[in-house]
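Each chain, letter by letter, is given below.
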Amino acid sequence: NAGVTQTPKFRILKIGQSMTLQCAQDMNHNYMYWYRQDPGMGLKLIYYSVGAGITDKGEVPNGYNVSRSTTEDFPLRLELAAPSQTSVYFCASSTQGGGHEQYFGPGTRLTVT
Amino acid sequence: GENVEQHPSTLSVQEGDSAVIKCTYSDSASNYFPWYKQELGKGPQLIIDIRSNVGEKKDQRIAVTLNKTAKHFSLHITETQPEDSAVYFCAASRGDMRFGAGTRLTVK
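Residues numbered from 1 in each chain as written. Chains lettered and ligands numbered in written order. Predicted model: local features only at pLDDT ≥ 70, side-chain atom pairs only at ≥ 80, totals over all residues. Heavy atoms only, no water.

## Things to note about the sheet that holds strand E3 (residues 19–25) of chain A
All names here are of chain A.
Inference 1: If you trace the 4 strands from one edge of the open sheet to the other, you get E1-E3-E8-E7, paired in antiparallel fashion. The sheet is open, and its two edges are formed by strand E1 (4–7) and strand E7 (64–66), each paired on a single side. Neighbouring strand axes in the sheet, compared pairwise and without regard to direction, differ in orientation by 20° on average.
Inference 2: Sheet analysis places E7 next to strand E8 (residues 76–78), joined by 3 bridges and oriented antiparallel. What sits directly across from Tyr 64, in E8, is Leu 78. (Pairing = 2+ DSSP bridges. Helix = DSSP H or I, 4+ residues; strand = E, 2+ residues; numbered from the N terminus. Axes fitted to C-alpha atoms, helices over the stretch in contact; angles between N-to-C directions.)

## Some words on the side chain of Thr 108 of chain A
Inference 1: Along the chain, the position of Thr 108 of chain A falls in strand E11 (residues 108–112).
Inference 2: When near neighbours in sequence (up to four residues on either side) are disregarded, Thr 108 of chain A contacts Gln 6, Thr 7, Pro 8, Lys 9, Leu 21, Ser 87, Val 88 and Tyr 89 of chain A. (Contact = heavy atoms within 4.5 Å.)

## Quick look at the nonpolar core
Inference 1: By size, the foremost hydrophobic cluster in this structure holds 23 residues, and its most contacted members are Trp 35, Phe 73, Leu 75 and Leu 105 of chain B.
Inference 2: Where this core is concerned, the elements lending two or more residues are strand E2 (10–13), strand E3 (19–25), strand E4 (32–38), strand E5 (45–51), strand E7 (62–67), strand E8 (72–77), strand E9 (86–93) and strand E11 (103–107) of chain B. (Core = buried A, V, L, I, M, F, W, Y, C linked by side-chain atoms within 4.5 Å. Buried < 20%, exposed > 50% of the residue type's maximum accessible area, 1.4 Å probe, protein only.)

So this is what it looks like as structure tokens:
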């Protein structure tokens, strides 16, 4: 199993540009998550999904959108990128929500200038 | 919502010594407390977890203790080795997972 994969690893965006961060998992997990990690701030939940076709906002959803058309894929869309979105983005998945282990991808480092 | 505080933010120990990282949480309904290790350039990986019906859990050199009354839990690493150097995150959950800010552990 590849686990959770993310592309790209690095990306530089200009202010106002848009992009999609890709995330895929091959563990047949129902739950998937997007986090951002800022220096010294831990991980903040952006969006999550409990299954194909179902998504919900997390703690910091503004400026982002998600979709979940299949169990495997959970892309994160940034529209009109802003410097405040400079961060490292992690995708994760789990068999169930709440009290269960989350498996993380390797992350995408995004810089908006 | 849940608020998780983690201390210290950095910790340096000599190889073979013990390391202790502490976290407090605010929501008394939280019932799951995992610890994740993040190595440079990688995503976090679960190293140990504990549920609210258990006071202590051990896995080789790693142990976690939970005090529900005081709403705090701690990670203990004994006989530290250079490969233990990483950033460690605590988290608390009763649904949404909330993470602490992380502790950078350096084993010299």
